Amino acid sequence: MARIVMKFGGTSMAGTERIRRVARIVQRQQAAGHEVAVVVSAMAGETDRLVNFCREANPLYDPAEYDVVVASGEQVTSGLLAMHLQALGCKARSWLGWQLPIHTDDAHSKARIEGIDSEAVLASMASGEIAVIPGFQGVSDKGRVTTLGRGGSDTSAVAVAAAVKADRCDIYTDVDGVYTTDPRIVAKARKLKNVTYEEMLELASVGSKVLQTRSVSLAMKEGVRVQVLSSFIDDDAPAADTIPGTMIVSDEELEGLDMERQLITGIAADKNEAKITLTRISDRPGAVAAIFGPLAAANINVDMIIQNIAKDKGETDVTFTVPLADLARAQALLEERKDTIGYYRMLANSKVAKISVVGVGMRSHAGVAATMFRALADRGINIQAITTSEIKVSVLIDEDETELAVRVLHTAYEMDAE
Ligand code: ADP
Ligand code: ASP
Ligand code: MG
């Protein structure tokens, strides 16, 4: 017998028939003798719809009230799943974020989980009841509803799994695992049997939204075993334990599992960045600090940075990227400080995409970046900025070339499925 936390995403919960199928998957897992708790997302599209209502109400909405509104999607699906489970003859009940409670800080709309009181869930599971927990939501120490940022139900599930010391956290979604790249963009993407926490963390943070980045760092920190698998399975499909999804594993485990691992594990694309260039900044100590200090103070994350070598006049251009959602704020802030920073012009481009290749094999192999640059050049794709880490190379390109670039790189690294 194992203790398993099962998480179902928005597409899996979209409508009566799908929730009924989810209920059957959960029931089967319990019937196999496991203790189960379930974490659910809102129905697909619902959170977007609710966010829109907030924007219409007031573009400068109160984040605390935003949380009250957007958390409601998961309240609906948790109640519905409990009903479907009861209809199948299972004992089940919902536990809202404030009822467990799931304690978070009060950074509304992007709150962090600080702790989960697990007694109630443990008691419920031990009694044969299925606890259904809405993902994405928690409660602050001021007693107000909070949400964890988009895609946050993954993080809720991993946090619940850590709190109840689950043997596994199964993330059911609309694809049957983590692929070498988004299978909806590249038909030749291959499913990965295993991916390390570190690789998944990099992949998620550079745009593979199959798992929320925070859920992966939490799983890594807490040692939670995470598996990604499809909820779109037939009633006669084998139980999750035997379905081949993707298992997130440690470096050590991987070595034992996958001797013939490819150099590159995955490729991701992110269109949610924007590029800013400040021209003709005087080339002196402190100039760059004057740009990035205020951005950091405003909580705007700068990702890629390039500073062109000074021309003969002792001036330099600085180019960097910020999240697309923060572009307007960043521009306003830099405009205000034009004289202090001392630049000539500010240029902004929101039509860029960041393409990243990730793989632990890079640590021991040279030439990964060179292959990337050559493959893109051969297709006439211009690189506007570059960053690297130990296991990742990212380039910034024109947004219109995103799909082409991902396909070209997938082929260049010999990752295409037959
Ligand atoms: P859920 O609603 O279940 O949380 P998401 O839409 O958040 O589902 O995540 C699943 C989606 O992630 C897939 O439909 C797929 O298009 C996308 N995706 C992006 N990169 C990858 C990848 N490398 N492997 C698998 N899916 C990916
Ligand atoms: N419903 C939330 C969202 O769409 C959380 C989630 O699905 O993970 O972002
Ligand atoms: Mg998701």
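Further up the page is the structure itself.
### Structural notes on the overall build of the chain
A count of helical and extended segments in the chain gives 14 helices and 20 strands. For the chain, the C-alpha radius of gyration of 23 Å lies close to 22 Å, the compact-globule estimate for 418 residues. For the C-alpha atoms alone, the extent of the chain along its principal axes is close to 80 × 50 × 35 Å. Counting all 418 residues of the chain, 50% fall into the buried class. Taking as baseline every contact in the chain between residues at least 6 positions apart, the subset at least 24 positions apart corresponds to 75%.

### Here we look at the site of ligand 1
Around ligand 1, a shell composed of 16 residues is seen, among which T173, D174, Y179, D182 and R184 lie nearest. G10 places a main-chain nitrogen or oxygen 3.0 Å from an oxygen atom of ligand 1. Contact distances for ligand 1 include 2.8 Å between an oxygen atom and a side-chain N or O atom of D174. For ligand 1, whose accessible area on its own is 570 Å², the fraction buried by protein is 83%. Among the residues forming the shell around ligand 1, the class breakdown is five nonpolar, six polar and five charged.

### Here's the deal with the sheet that holds strand β20 (residues 392–398)
Spatially, four strands are ordered β13-β18-β20-β19 in an open sheet, and the strand pairing comes out antiparallel. The sheet terminates laterally at β13 (266–270) and β19 (385–389), the two strands that pair on one side only. Strand after strand, the sheet turns through a mean of 20° between neighbouring axes, direction not considered. Summarising the sheet, β19 and β20 pair through five bridges and their orientation is antiparallel. Bridged to A385 within β20 is L396.

### Comments concerning the packing of aromatic side chains
Here the structure, examined in full by the defined rule, presents three aromatic pairs. Ring centres 4.6 Å apart and planes at 15° place the aromatic pair F8 and Y172 in the stacked group. Taken together, the residues span a long stretch of sequence, with F8 in strand β1 (residues 3–8) and Y172 in strand β9 (residues 168–173) at a distance of 164 residues. Taken individually, F8 and Y172 each receive the classification buried, so the pair is uniform in this respect. Judged by centre distance (5.1 Å) and plane angle (10°), the rings of Y61 and Y66 are stacked.

### Description of the nonpolar core
Counting 43 residues, the largest nonpolar core has V5, V121, I133, C169, M200 and V226 as its most contacted members. Top contributing element to this core by residue count: helix α6 (residues 153–163), with five residues. With near-sequence residues (within four places) excluded, C169 lies in contact with V5, A157, V158, A161, V224, R225, V226 and Q227. Counting residues in hydrophobic clusters, the runner-up holds 24 residues, among them F8, I19, A82 and I243.

### Side note on the pattern of salt bridges
Using the criterion set out here, one finds 24 salt bridges in the structure. Among the ionic pairs, K191 bridges to D176, the shortest N-O distance being 3.5 Å. Of this pair, K191 sits in the loop between β9 and β10 (194–196) while D176 sits in the loop between β9 and β10; the two residues are 15 residues apart in sequence, bridging distant segments of the chain. In this structure, D326 engages R329 in a salt bridge whose closest nitrogen and oxygen atoms are separated by 3.4 Å. D326 gets classed as buried once you look at its relative accessible area, which sits at 15%. Residues joined in a network through salt bridges with shared partners are E198, D251, R363 and E390.

### Here we look at helix α10 (residues 287–297)
Those residues of α10 that fall on the buried side of the exposure criterion are A287, I291, F292, P294 and L295. One side of α10 holds all its buried residues, which, seen down the axis, span an arc of 160°. Seen from the buried face of α10, the exposed residues on the opposite side, beyond 90 degrees, are A289, A296 and A297. Of the surrounding secondary structure, the elements contacted by the buried residues of α10 are β14 (273–282), β15 (305–307), β16 (315–323), α11 (327–336) and α12 (338–341). Phi for N299, located one or two positions after α10, is positive at around 65°.

### Structural notes on the packing of helix α3 (residues 63–70) against helix α4 (residues 72–87)
Running from N to C, α3 and α4 point in directions that differ by 25°, and their axes come no closer than 4 Å. Here α4 runs roughly parallel to α3, going by the angle between their axes. Taken together, the residues of α4 that come into contact with α3 (itself represented by V68, V69 and V70) are S72, G73 and E74. Its residues assigned to classes, the contact of α3 with α4 shows three nonpolar, two polar and one charged.

### Notes on the sheet that holds β1
In spatial order, the strands read β3-β6-β2-β1-β9-β11-β12-β10; together these eight strands make up an open sheet with mixed pairing. Looking at which strands have only one partner, the edges of the open sheet turn out to be β3 (92–94) and β10. Averaged over all adjacent pairs, the angle separating strand axes in this sheet is 20°, with direction ignored. Note that β1 and strand β2 (residues 35–40) share six bridges and pair parallel. Residue pairing across strands places V5 opposite A37, the latter belonging to β2. Helix α1 (residues 16–31) contacts β1, β2, β6 (130–134) and β9 of the sheet and is inclined by roughly 175° relative to β1. Packing of α6 onto the sheet brings it into contact with β1, β2, β6, β9 and β11 (226–230), and relative to β1 it is tilted by some 170°.

Here is what the cut-offs are and how they apply
Residues numbered from 1 in each chain as written. Chains lettered and ligands numbered in written order. Predicted model: local features only at pLDDT ≥ 70, side-chain atom pairs only at ≥ 80, totals over all residues. Heavy atoms only, no water. Helix = DSSP H or I, 4+ residues; strand = E, 2+ residues; numbered from the N terminus. Rg over C-alpha atoms; globule rule 2.2 N^0.38 Å. Buried < 20%, exposed > 50% of the residue type's maximum accessible area, 1.4 Å probe, protein only. Contact = heavy atoms within 4.5 Å. Near = heavy atom within 4 Å. Polar contact = N/O pair within 3.5 Å; in protein donor to acceptor, adjacent residues only side chain to side chain. Areas by Shrake-Rupley, 256 points an atom, 1.4 Å probe, with all protein chains shown as cover. Nonpolar A, V, L, I, M, F, W, Y, C, P; charged D, E, K, R; others polar. Pairing = 2+ DSSP bridges. Axes fitted to C-alpha atoms, helices over the stretch in contact; angles between N-to-C directions. Phe/Tyr/Trp six-rings, centres within 6.5 Å; stacked < 30°, edge-to-face > 60°. Core = buried A, V, L, I, M, F, W, Y, C linked by side-chain atoms within 4.5 Å. Salt bridge = Lys/Arg side-chain N within 4 Å of Asp/Glu carboxyl O. Arc of directions from axis to C-beta. Parallel < 35°, antiparallel > 145°, perpendicular 65-115°, else oblique.

Spatial relationships are all this shows, so hold off on functional conclusions.
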